[in-house]
Amino acid sequence: MRPLVALAYYPLWAAAVTVAVTALRLGRNVGRGLVALCFFLAFWVTGLILLETDGTLALAEHVLPSGIIVAAGLAHAYADVAGASRRPVAVAYAVSAAVALLGAVDPRLLYGPAARSPGPLFFPLSAVMGVAWVVVGVHLGRAALEARGLQQRRIAALFFGSVLATLGGGFVVVLRVLGLGDVVLGAPLLLLAILLVAYAVLIGELGRSRRVFAQGLAYAGLTALLSSLGLAVFFKVLPALAPGGGASLGWLVFVVFLAALPSDPLRMLVVEHLGRRLFSRPIGVRDLADEIERVEVRADQAERLAELGRLASAVAHEIRNPLGVIAAQAKLLERQGAKPETVASLRAQVDRAKRFLDDLLRYSRPRPLEVSEIDVLSTLRLAASHVRQIVGEGAPPIEVASEAGGSIFVEADRGAFLDVATALLQNAAIALDGSPEGRVRAVVARGEGGFVVVRVEDNGPGVPAEIEAMLFQPFVTGRGRDAKHPGTGLGLAVAARWLERHGGALRHERAPGGGARFEARWPGAGGAGTGGAAAASGAGTSGGSSTGEGGTTGSGAGGAGTGGATAGSGAGAGSDGDSSASSDEVGGCGCRFVGGDAPPVAMACGARARRAGQEASSAVALAKLLRRSCPDDP
């Protein structure tokens, strides 16, 4: 074999197999088609290596036609990425199998000895394959133009990868058969094709899974580098180490075993040390062992949190049933002539108590993140529409704009993103309710490190100075229970925890022209990693004012975060989910908690249950008043 061939094609084979095996080992969302495509590319490179090796030339003549299976792998990968029909995939595999079988049985029908001249079926088959590729290429290109976001990038990578693979594979073989070129010419094109397929595989992983996958590739490269250097040195000195110059098999096995025994731990030590230098959250053996210990502690806290959740559910169930009876009796009293304003007050108290119970249930039932790619502008517009419906006629105009222009995507849980957006917009809208000069503006921009920044700004009174320092703590509020838009005091606290779970952050600052400005940093699609922060409680977050209120709409509770995040508290826990607490009051809700070994959600659950009981008591008092106003009612 020529040294140039080995230099050109050995790295291609290794890269294709490494990506495929790593995807099988660590990938979660790759799909079988992309993995198969990586293996088929490696198989095609193997055929080219055999073709350039003197001792395997005859075998290469039978194997080389099987390289057409790369086209079937491409169709399979596209079907996985785009969710297309599987019927063309089956047809592609059938055609590839037929051509491979034809070449394996009688390669002379396709080309002459050493693939240096065309056979009788070479030109007809090449024409058919060329037309088929043009059809597939046009379909892929059109699909890439019609797709959006992550799917568009993956399909585009497959399209350009297919072009390069065709030019570096089939076209180069045609040149060789016709005597117009050398197969070495295809190496750079195949390298780019493999890199594009690897890119399609990598960006298909979301959140922490992408980080683990990328680190797996890096660790494989470091291991290969150290192993190659060590093995080269070892085999160079092996004859001098083994008695008899290595002629005795027994002595050879003895020396190799004793040399390999310390070499592997040493290699792992060096690789993991380099991994800690390269990555903020490495996945070495010792690093994973430390993470397991931390997860075990958090799992114990999560179990106690689940017990409190079950207790909260039982309490809520016992309160909800009497509330249903009171609501039904209120309807009967209305029909029997009770004062409308009294019935309306009764219903308002019942509704508030129900909302408290709903928040309590969401707060105590954690759920994992379901990360996907989200169009930021369209989701913000949806949140703005929700806010206008909630606030009503007094809602100020809400402007949604982008500084970057065009669509911007983030990788996040859609329900969590909508919760945070609704909370921030509703905070601003309620602060400006009824103000003729009020305005709310939400601007999306690209930040540093691949993050996307969502900035919500208003020209209202701003956050009161006395609560600004504890703005993101639960139950911190600047409005009383009798405000026009009462909230739970959880909106900003839960929004901050949602962002922490995604690896982002929420911060507040005073707007230059007065009012409040909140900035939410989300990991951009294909950008910053996720899952490294503590988990947050996920109580409904769309509500509140600029003073930190929270309402009741939005998706469910937050939970144990992906990437080993702490089970959510949102009740005074720090950003790392620490469950310690003191005997201080929580945020101003009046609930005290002493001790540092119980889940912090206990504080929240106790306060929420107490407030729900107060609302239920108010409803009962109104019911008694109605009974006195309707003495004839049994």
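Residues numbered from 1 in each chain as written. Predicted model: local features only at pLDDT ≥ 70, side-chain atom pairs only at ≥ 80, totals over all residues. Heavy atoms only, no water.

Novice: What should I look at first to understand the overall build of the protein chain in this one?
Specialist: A tally of regular secondary structure across the protein chain gives 17 helices and 9 strands. Here the protein chain holds 634 residues, and the buried ones make up 47% of them. A fraction of 73% describes how many contacts in the protein chain between residues 6 or more apart in sequence connect residues 24 or more apart. Put simply, the protein chain shows about 29100 Å² of open surface, and 63% of that area lies on carbon and sulfur atoms. (Helix = DSSP H or I, 4+ residues; strand = E, 2+ residues; numbered from the N terminus. Buried < 20%, exposed > 50% of the residue type's maximum accessible area, 1.4 Å probe, protein only. Contact = heavy atoms within 4.5 Å. Areas by Shrake-Rupley, 256 points an atom, 1.4 Å probe, with all protein chains shown as cover.)

Novice: Teacher, can you tell me more about the pattern of salt bridges here?
Specialist: Here the idea is simple: oppositely charged side chains can pair when their charged atoms come close. This structure, assessed with the given rule, holds 14 salt bridges. Between Glu272 and Arg276 there is a salt bridge, with its nearest N and O atoms 3.7 Å apart. Here Glu272 pairs with Arg276, and both are found in helix 10 (residues 249–278), just 4 residues apart, close to one helical turn. Each member of the salt-bridge network shares a partner with another, and the members are Glu403, Arg455, Glu457, Arg507, Glu509, Arg517 and Glu519. (Salt bridge = Lys/Arg side-chain N within 4 Å of Asp/Glu carboxyl O.)

Novice: Looking at this model, I keep getting lost on the sheet that holds strand 3 (residues 398–402). Mind explaining?
Specialist: Hydrogen bonds along the backbone pair up the strands of a sheet, which may run parallel or antiparallel. Reading across the sheet, the 5 strands line up as 3-5-6-8-7 and stay open at both edges, with mixed pairing between neighbours. At either margin of the open sheet sits one strand with a lone partner, and together these are strand 3 and strand 7 (505–510). Sheet twist, expressed as the mean angle between neighbouring strand axes with direction ignored, is 15°. Sheet strands in contact with helix 13 (residues 376–391) are strand 3, strand 5 (440–446) and strand 6 (451–458), and its direction is about 175° off that of strand 3. (Pairing = 2+ DSSP bridges. Axes fitted to C-alpha atoms, helices over the stretch in contact; angles between N-to-C directions.)

Novice: Explain helix 14 (residues 414–431) here, please?
Specialist: One turn of the α-helix equals 3.6 residues, which is why residues spaced by three or four share an orientation. For helix 14, built from 18 residues, the straight-helix expectation of 26 Å at 1.5 Å per residue is met to within 8% by its first-to-last C-alpha distance of 26 Å. With 16 of 18 residues buried, helix 14 is to be regarded as a mostly interior element. Its side-chain oxygen placed 3.0 Å from the backbone nitrogen of Gly415, Asp413 serves as the N-cap of helix 14. (Expected span 1.5 Å × (residues − 1). Polar contact = N/O pair within 3.5 Å; in protein donor to acceptor, adjacent residues only side chain to side chain.)

Novice: Just to check I follow, could you spell out the packing of helix 14 against helix 16 (residues 491–501) for this structure?
Specialist: Taken N-terminus to C-terminus, the directions of helix 14 and helix 16 make an angle of 145°; their axes are 9 Å apart at the nearest point. For the pair helix 14 and helix 16, the crossing hand works out as left-handed. Of helix 16, the residues touching helix 14 (which contributes Ala416, Asp419, Val420, Ala423, Leu424 and Asn427) are Gly491, Leu492, Ala495, Trp498 and Leu499. (Left-handed = near helix turned anticlockwise from the far one by under 90°.)

Novice: I would appreciate a short explanation of the nonpolar core in the present structure.
Specialist: For soluble globular proteins, nonpolar side chains are generally found buried alongside one another. Residues Tyr9, Leu34, Leu37, Leu48, Ile155, Leu158 and Val201 are the most contacted members of the largest nonpolar core, which totals 57 residues. Elements represented by at least two residues in this core include exactly helix 1 (3–26), helix 2 (32–51), helix 4 (69–82), helix 6 (122–146), helix 7 (149–177) and helix 8 (187–204). Take this core: its biggest share by element is 14 residues, from helix 2. If sequence neighbours within four positions are ignored, Leu34 has contacts with Ala77, Asp80, Val81, Arg154, Leu158, Val197, Ala200 and Val201. Grouped together as the second largest cluster of nonpolar side chains are 47 residues, Val376, Leu380, Leu425 and Ala429 included. (Core = buried A, V, L, I, M, F, W, Y, C linked by side-chain atoms within 4.5 Å.)

Novice: In this structure, what is going on with unusual backbone geometry? I would like to understand it.
Specialist: Backbone geometry follows two general trends: most residues other than glycine have a negative phi, and most peptide bonds adopt the trans configuration. Phi is positive for Ala114, which is not a glycine, with a value near 60°. Along the chain, Ala114 turns up in the loop between helix 5 (87–105) and helix 6. Using a relative accessible area of 15% as the deciding quantity, one classes Ala114 as buried. Not every positive phi belongs to a glycine, and Ala115 is a case in point at roughly 55°. Positionally, Ala115 belongs in the loop between helix 5 and helix 6.

Novice: Any chance you could explain the pairing of strand 6 here in plain terms?
Specialist: On a regular strand, one side chain projects to one face of the sheet and the next to the other, so that they alternate. The element strand 6 is extensively covered by neighbouring structure, given that 8 of its 8 residues are classed as buried. Residue alternation in strand 6 divides its side chains into two sets, Phe451, Val453, Arg455 and Glu457 and Val452, Val454, Val456 and Asp458, and both sets are buried. Bridge analysis of strand 5 against strand 6 gives 7 bridges, and the strand direction is antiparallel. Residue Val444 lies in a different strand from strand 6, and its bridge partner there is Val454. In sequence, strand 5 turns back onto strand 6 through a hairpin of 4 residues, with Gly449 there showing a positive phi of about 70°. Sheet topology note: the strand 6/strand 8 (residues 516–523) ladder contains 7 bridges and is antiparallel. Bridging across to strand 8, Glu457 finds its partner in Arg517.

Novice: For this particular structure, what's the right way to read the packing of aromatic side chains?
Specialist: The description of two aromatic rings rests on the distance between their centres and on the angle between their planes. Enumeration over the complete set of coordinates arrives at 6 aromatic pairs. Centroid distance Phe159 to Phe160: 5.1 Å. Interplanar angle 70°. Geometry classified as edge-to-face. Between Phe472 and Phe518, the ring centres sit 6.4 Å apart and the planes meet at 75°, which makes this aromatic pair edge-to-face. Note that Phe472 is positioned in the loop between helix 15 (465–468) and helix 16 and Phe518 in strand 8, a separation of 46 residues in sequence. The class of Phe472 is partly exposed, set by a relative accessible area of 22%. Its end group placed over the ring of Phe451, Arg521 keeps NZ or CZ at 4.3 Å from the ring centre. (Phe/Tyr/Trp six-rings, centres within 6.5 Å; stacked < 30°, edge-to-face > 60°. Lys NZ or Arg CZ within 6 Å of the ring centre and 35° of its normal.)

Novice: Looking at this structure, how should I read the environment of Leu380?
Specialist: As for its position among the elements, Leu380 is in helix 13. Taking relative accessible area as the criterion, Leu380 reaches 1% and is therefore assigned buried. C-alpha of Leu380 to C-alpha of Leu425: the two residues are 45 residues apart in sequence and 9.0 Å apart in space. Excluding anything up to four places from it in sequence, Leu380 contacts Val400, Ala421, Leu425, Val444 and Val454.

Novice: Just to check I follow, could you spell out a nonpolar patch on the surface for this structure?
Specialist: On the surface, a cluster of nonpolar side chains totalling about 540 Å² of accessible area is made up of Trp251, Phe254, Phe257, Leu258 and Leu261. Along the chain, the position of Phe257 falls in helix 10. (Patch = residues over 30% accessible without salt bridge, like charges linked within 9 Å, V, L, I, M, F, W, Y side chains within 5 Å.)

Novice: Explain the side chain of Gln215 here, please?
Specialist: For Gln215, the position within the fold is in helix 9 (residues 208–241). In contact with Gln215, not counting residues within four places along its chain, are Phe279, Arg281, Pro282 and Ile283.

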